[in-house]
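Notes for the structure review
So the chains spell out like this:
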Amino acid sequence: MPKQANATQEVAGIQTILDNNKQWVATKNAQDPDFFANLANGQTPRYLFIGCSDSRVPASGITGTGPGEMFVHRNIANMVVHTDMNLLSVLQYAVEVLGVQDIMVVGHYGCGGVAAAASNKQYGLIDNWLVNIRDVVRLHETELLRIADEKQRLRRMVELNVMEQVRNLAKTNIIQNAMRSEKPPRLHGLVYDIADGVLKDLEMSEQLFLHDMAHIYSTQAAPLAQAPNPSEPANDGRSDTYDGPQHDPSQVPADQVITA
């Protein structure tokens, strides 16, 4: 097929998107001629939405929010993973720069990621991500084993996963520091039902779970250490000498190794 024909087909593939955009711009301008000029001046969203990448769960659509009202991060199964620099960067920016007031972890019934984690199948690279959901299953295995109906068990897994991700938010130093501020953000766990379009509030008491976890996960920023004065001898209670083994254990002949 000629290159020109291929290019025409590619443009046609997104033509609906381009046409929709033009119609949306025209509608917004008709409603408010300054709409886009005001948006260009900056953003002050009230909400941070942490949701699933599922195409059936549009963040703005299900929450009735418009441009500038909600900061959004989405990934497979709406996870809050402490090694995910993407999520942590979004969280820090939303909390410390944008000053969001409400942070929502939004799962949904019928989540493919949760269903995949519940199975014993391999799916490739995503298996490493699904381990985080299987950890949720391990934590709540007793409750889940009591649910005989598979559909209901998966629905409960979705809820438990959202709850654990809200707890994971509370474990981050970003949230812990924000909770000590004058206007601490509120944390929420929600589940969206694709079958009827309704959002369910899991009504998690953030103060309760923050208190319950504080003795394990609570941290505070250490004060900056003062630069040492080179004219004064160091006196921090530590020894400058090392009294441990001076040899490399790996170089000891096998017949000389002492075992218990």
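Note that this is a predicted model, so its numbers are computed, not measured.

**What about the pattern of salt bridges?**
Tallying each qualifying case throughout the model produces 8 salt bridges. One salt bridge connects D102 with R46, and the closest N-O pair in it is separated by 3.2 Å. Of this pair, D102 sits in strand β3 (residues 102-108) while R46 is found in the loop between α2 (35-40) and β1 (47-52), placing the two residues 56 residues apart along the sequence. Judged by relative accessible area, which is 5%, D102 ranks as buried. Accessibility expressed as a relative area gives 38% for R46, which makes it partly exposed. Connected via shared salt-bridge partners are E143, R156, E159 and K200.

**Some details on the nonpolar core**
Residues L48, I50, L91, V95, I103 and L169 are the most contacted members of the largest nonpolar core, which totals 43 residues. For this core, the elements supplying multiple residues, two or more each, are β1, α4 (85-97), β3, α5 (112-118), α6 (126-139), α8 (150-171), α9 (173-179) and β4 (186-193). Per-element accounting of this core gives the leading share, 8 residues, to α8. Membership of the second largest hydrophobic core comes to 9 residues, among which are V57, I62, M70 and M104.

**Side note on the side chain of N161**
The topology assignment puts N161 in helix α8. By relative accessible area, which is 1% here, N161 ends up buried. Among residues more than four places away in sequence, those in contact with N161 are A77, N78, M79, V114, I133 and V136.

**Describing the packing of α6 against α8**
Remark: α6 packs on α8, axes separated minimally by 10 Å, with the N-to-C direction vectors making an angle of 105°. Taken as axis vectors, α6 and α8 run roughly perpendicular relative to one another. Counted together, I133, V136, V137 and L139 of α6 and M157, L160, N161, E164 and Q165 of α8 form the full contact between these two elements. For the contact of α6 with α8, the per-class residue count stands at 6 nonpolar, 2 polar and 1 charged.

**Focus on the packing of aromatic side chains**
Taken as a whole, this structure holds 4 aromatic pairs when the rule is applied. Where W24 meets F36, the ring centres are 5.4 Å apart and the plane angle is 80°; that geometry is what we call edge-to-face. Here F36 lies in helix α2 and W24 lies in helix α1 (residues 3-31), a separation of 12 residues in the sequence. On the basis of relative accessible area, W24 is assigned to the partly exposed category, the value being 38%. Ring centres of F71 and Y93 lie 5.8 Å apart, and the angle between their planes is 35°; on these two criteria the pair is classed as tilted. One end of the pair, F71, is in strand β2 (residues 70-75); the other, Y93, is in helix α4, and 22 residues separate them in sequence. Here F71 falls in the buried class, since its relative accessible area comes to 17%. Overall, Y93 belongs to the partly exposed group, its relative accessible area being 38%. Three or more aromatic residues joined by ring pairs make a cluster, and in this case those are W24, F35 and F36. For K28, the ring lying beneath its charged end belongs to F35, and the centroid distance is 5.0 Å. The ring of Y109 is capped by R155, whose NZ or CZ atom sits 3.7 Å from the centre of that ring.

Rules used throughout
- Residues numbered from 1 in each chain as written.
- Predicted model: local features only at pLDDT ≥ 70, side-chain atom pairs only at ≥ 80, totals over all residues.
- Heavy atoms only, no water.
- Salt bridge = Lys/Arg side-chain N within 4 Å of Asp/Glu carboxyl O.
- Helix = DSSP H or I, 4+ residues; strand = E, 2+ residues; numbered from the N terminus.
- Buried < 20%, exposed > 50% of the residue type's maximum accessible area, 1.4 Å probe, protein only.
- Core = buried A, V, L, I, M, F, W, Y, C linked by side-chain atoms within 4.5 Å.
- Contact = heavy atoms within 4.5 Å.
- Axes fitted to C-alpha atoms, helices over the stretch in contact; angles between N-to-C directions.
- Parallel < 35°, antiparallel > 145°, perpendicular 65-115°, else oblique.
- Nonpolar A, V, L, I, M, F, W, Y, C, P; charged D, E, K, R; others polar.
- Phe/Tyr/Trp six-rings, centres within 6.5 Å; stacked < 30°, edge-to-face > 60°.
- Lys NZ or Arg CZ within 6 Å of the ring centre and 35° of its normal.

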